[in-house]
Amino acid sequence: MKIHHLAKEKSILNKFLAEIRNVAVQKDSMRFRRNIERIGEVLGYELSKKLSFKNKDIKTPLGVKAIETPVKDVILCSILRAGLPLHNGLLNYFDDAENAFISAYRHHPNNDEEFEIVVEYFASPSIDGKTLLLVDPMLATGRSLVAVYEAIKKYGTPKKIEIVSVIGSAEGVKYIKGFFPENTDLWIADIDEGLNDKGYIVPGLGDAGDLAYGSKM
């Protein structure tokens, strides 16, 4: 797996990352969603450079110009609900992509810190031979992504997988390497070193779903 860690280079991305982490700024849910969306646009632009392209003749008012344009084989698959703002950011750039959605959540059967990942819903076009952008803003333990991938595999084999995340833990990134195909790329804005005893990224930003859409039951 090739890892593209974008925050290693200075760019406007750092402003958006600073705001989603900042406890004072992230209280504004609308701004939080918009910043996640803008991070999705940055990640989408960078990963677009690695997609398949083909020559297309474009007719202008004064002639014809051959332009290399992306092959239309992209499927955006987001993990509900936290993945929606990131999905929208990617969709701003891949506006002709097909879309898929899958649910995954942490279930605590014993009401303690131990949890299992439950996948209950998947709506998608055929993924066979397509470029699958698997969208999950927080790559903490990595178990959600692996559970989602195992569920998706039953529905076909994509040509290429591009994982798109905002913040991950070093442990989670290491974990998923053992489950995804070798030609998978990870596009991630930033990677933090730690996880706390609840499996949340430290320093991270908190619960992305709650910050974007309010507390859940």
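Up top you'll find the structure we're talking about.
I will try to describe carefully the structure that is included in this document. None of the values given here were measured: they were computed from a predicted structure. (Residues numbered from 1 in each chain as written. Predicted model: local features only at pLDDT ≥ 70, side-chain atom pairs only at ≥ 80, totals over all residues. Heavy atoms only, no water.)

### Focus on the environment of Gly168
Step number 1: Relative to the assigned elements, Gly168 resides in strand E9 (residues 160-169).
Step number 2: On a C-alpha basis, the gap between Gly168 and Arg33 in space is 18 Å, while along the polypeptide they are 135 residues apart.
Step number 3: Once residues within four sequence positions are removed from consideration, Gly168 is found in contact with Leu139, Ile188, Asp190, Ile191, Asp192 and Ile201. (Helix = DSSP H or I, 4+ residues; strand = E, 2+ residues; numbered from the N terminus. Contact = heavy atoms within 4.5 Å.)

### Re the packing of aromatic side chains
Step number 1: In this structure the tally under the stated criterion is three aromatic pairs.
Step number 2: Centre to centre, the rings of Tyr175 and Phe179 are 4.9 Å apart; their planes meet at 45°, and the pair counts as tilted.
Step number 3: Overall, Tyr175 belongs to the partly exposed group, its relative accessible area being 34%.
Step number 4: Judged by relative accessible area, Phe179 falls into the partly exposed class, the value being 36%. (Phe/Tyr/Trp six-rings, centres within 6.5 Å; stacked < 30°, edge-to-face > 60°. Buried < 20%, exposed > 50% of the residue type's maximum accessible area, 1.4 Å probe, protein only.)

### Overview of the pattern of salt bridges
Step number 1: In the structure shown here, the tally under the stated rule is 14 salt bridges.
Step number 2: With its nearest N and O atoms 3.2 Å apart, the salt bridge here joins Lys160 to Asp185. Remark: Asp185 occurs in strand E10 (residues 185-192) and Lys160 occurs in strand E9; sequence separation between them is 25 residues. For the pair Lys160 and Asp185, a shared accessibility class is recorded, and that class is buried.
Step number 3: Members of the salt-bridge network, linked through shared partners, are Lys15, Glu19 and Arg31. (Salt bridge = Lys/Arg side-chain N within 4 Å of Asp/Glu carboxyl O.)

### A word on the nonpolar core
Step number 1: In this structure, Leu17, Ile20 and Ile39 are the most contacted members of the largest nonpolar core, which totals 34 residues.
Step number 2: Elements that contribute at least two residues to this core include exactly helix H1 (13-21), helix H2 (29-48), strand E4 (74-80), helix H3 (84-93), strand E7 (131-135), E9, E10 and helix H6 (208-213).
Step number 3: Apart from residues lying up to four places away in sequence, Ile20 is in contact with Gln26, Phe32, Asn35, Ile36, Ile39, Val166, Ile167 and Leu205.
Step number 4: Among the nonpolar cores identified, the runner-up in size contains 25 residues, and Ala104, Ile117, Leu134 and Val173 belong to it. (Core = buried A, V, L, I, M, F, W, Y, C linked by side-chain atoms within 4.5 Å.)

### Looking at H1
The α-helix winds at 3.6 residues per turn, so residues separated by three or four positions along the chain end up facing the same way.
Step number 1: Considered for burial, the residues of H1 that qualify are Leu13, Phe16, Leu17, Glu19 and Ile20. End-on, the buried residues of H1 take up no more than an arc of 165°, which puts them together on one face.
Step number 2: Those residues of H1 hidden inside the fold are in contact with H2, E9 and E10. (Arc of directions from axis to C-beta.)

### Section: the packing of H1 against H2
Step number 1: Interaxial distance between H1 and H2 falls to 9 Å at its minimum, and their mutual angle equals 150°. Accordingly, the angle class assigned to the pair H1 and H2 is roughly antiparallel. Our pair here, H1 against H2, has a crossing hand that is left-handed. Between H1 and H2, the residues in contact are Leu13, Lys15, Phe16, Leu17, Glu19 and Ile20 and Arg31, Phe32, Asn35, Ile36, Arg38, Ile39 and Val42, respectively. (Axes fitted to C-alpha atoms, helices over the stretch in contact; angles between N-to-C directions. Parallel < 35°, antiparallel > 145°, perpendicular 65-115°, else oblique. Left-handed = near helix turned anticlockwise from the far one by under 90°.)

### Details of the side chain of Lys160
Step number 1: From its side chain, Lys160 meets the backbone oxygen of Asn183 in a polar contact 2.6 Å long.
Step number 2: Here the side chain of Lys160 touches Asp185 through a polar contact of 3.2 Å, side chain to side chain.
Step number 3: If sequence neighbours within four positions are ignored, Lys160 has contacts with Lys130, Thr131, Leu132, Asn183, Thr184 and Asp185. (Polar contact = N/O pair within 3.5 Å; in protein donor to acceptor, adjacent residues only side chain to side chain.)

### Remarks on the environment of Phe32
Step number 1: By the element assignment, Phe32 lies in helix H2.
Step number 2: When the C-alpha atoms of Phe32 and Leu17 are compared, they prove to be 10.0 Å apart, with 15 residues separating the residues in sequence.
Step number 3: Once residues within four sequence positions are removed from consideration, Phe32 is found in contact with Ile20, Gln26, Leu205, Ala208, Leu211 and Ala212.

### Details of the side chain of Gln26
Step number 1: Mapped onto the secondary structure, Gln26 falls in the loop between H1 and H2.
Step number 2: Note on Gln26: relative accessible area 9%, which makes it buried.
Step number 3: Residues in contact with Gln26, not counting those within four places in the same chain, are Glu19, Ile20, Arg21, Phe32, Leu205 and Leu211.

### Here's the deal with the packing of H2 against H3
Step number 1: Between H2 and H3, the shortest axis-to-axis distance is 7 Å and the interhelical angle comes to 45°. Judged by the inter-axis angle, H2 sits oblique to H3. H2 and H3 meet at a crossing whose hand is right-handed. The residues of H3 that touch H2, namely those facing Arg33, Ile36, Glu37, Ile39, Gly40, Glu41, Leu43, Gly44, Tyr45 and Leu47, are Pro85, Leu86, Asn88, Gly89, Leu90, Asn92 and Tyr93.
Step number 2: A breakdown of the residues in the contact of H2 with H3 according to their chemical character gives nine nonpolar, five polar and three charged. (Nonpolar A, V, L, I, M, F, W, Y, C, P; charged D, E, K, R; others polar.)

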